[in-house]
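Working through the structure, step by step
The residues making up each chain are set out below.
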Amino acid sequence: MEEIKHKFIEVNGLKLHVAEIGSESSPAVVFLHGFPEIWYSWRYQMIAMAKAGFRAIAFDYRGYGLSEQPTEPEKTTFLDFDNDLLELLDALNIPKAFLVGKDFAAFVISLFVVLHEERVSGFVTMGVPFMLPGPSDYGLPEGFYITRWMEPGRAEADFGRFDAKTVVRKINILFSRSEIPIADENQEILDLVEPGTPLPYWFSEKDLAIYGAKYEKSGFRTALQVPYRAMAEQLNVTARTVQVPAMLIMGEKDYVLKFPGMEDYIRGEELKSLVPKLEIVFMRKGTHFVQEQMPNEVNQLLLSFLLQNKST
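Now for a quick tour of the structure.

Thresholds, definitions, all that
- Residues numbered from 1 in each chain as written.
- Predicted model: local features only at pLDDT ≥ 70, side-chain atom pairs only at ≥ 80, totals over all residues.
- Heavy atoms only, no water.
- Buried < 20%, exposed > 50% of the residue type's maximum accessible area, 1.4 Å probe, protein only.
- Helix = DSSP H or I, 4+ residues; strand = E, 2+ residues; numbered from the N terminus.
- Pairing = 2+ DSSP bridges.
- Polar contact = N/O pair within 3.5 Å; in protein donor to acceptor, adjacent residues only side chain to side chain.
- Contact = heavy atoms within 4.5 Å.

**Overview of the pairing of strand 3 (residues 28-32)**
Among the 5 residues of strand 3, 5 are classified as buried, and the element is accordingly described as predominantly covered. Burial along strand 3 is two-sided: the face carrying Ala-28, Val-30 and Leu-32 and the face carrying Val-29 and Phe-31 are both buried. Inspection of the sheet shows strand 3 paired to strand 4 (residues 55-59) by 4 bridges, in the parallel sense. Bridge pairing in strand 4 links Phe-31 to Ala-58. Sheet topology note: the strand 3/strand 5 (residues 97-102) ladder contains 5 bridges and is parallel. Across the sheet, Phe-31 pairs through a bridge with Val-100, a residue of strand 5.

**Quick word on the side chain of Arg-148**
Checked against the element boundaries, Arg-148 lands in helix 4 (residues 145-150). Separated by 2.8 Å, the side chains of Arg-148 and Glu-142 make a polar contact. Ignoring sequence-local partners within four residues, the contact set of Arg-148 consists of Glu-142, Gly-143, Arg-154, Ala-155, Ala-183, Asp-184, Glu-185, Gln-187, Glu-188 and Ile-189.

The structure is reproduced here in structure tokens:
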């Protein structure tokens, strides 16, 4: 991990924490994290990509990890994240990059590709397919975790009963299961994890300590806004066909597959119509955290994709 270098780069008036490894003259791969994650969730992929001759870059979104908080986190949008990514590429003198994202980073990448396709060599998403953020009726009970976390004050009260490390522990356990997190009417989301429940085998106490410390610094104000509360906003951006090479990596045990309509969207014709050059890979034992759970297998898939498309 020592070979990964860290710096702060100012974009759109905020200093973002950026981790980087590899030669500046090599093709760039920019990794975008999900929740409850930071740049660190890509540690295995960054080192492997750099060894294979790529420039690997991961950063903490505004308001996450070591990056600066926006002055009004509750007004942050997905477009802010995309504008930060665009300015970051400019600041690093990267005219075109591969984008790799997990979880809600798929929304960030999808929006970016629609708006700035000329800056993208190809993209890979994990856990969530290509789709734009926007209002959605999930058709799930009131206790659905996204519905709960969209409600101002509800998650703050739930999370506020614990320190940041415990919140991250509970959410990682919840999201590593194959069932959608849905609470009973008089139950909070974090109470779905019983005290003493062990961490997933791929997630160590050391890893938890690193995540916990970073969320202790940043808090959850921006993280609850983007993705959860910003998802309900209408961005006035229309989905269209994108022609860059793409890959979707889904764990067969990922709870997201059980969202109403999700598996049909992935396996049907609609997704392929929007991303004609899309390759879809299902990992039989994979959960929502495939890049940390099965790093060697994910690295092989990524390298195959990158090497095949690096001249694009």
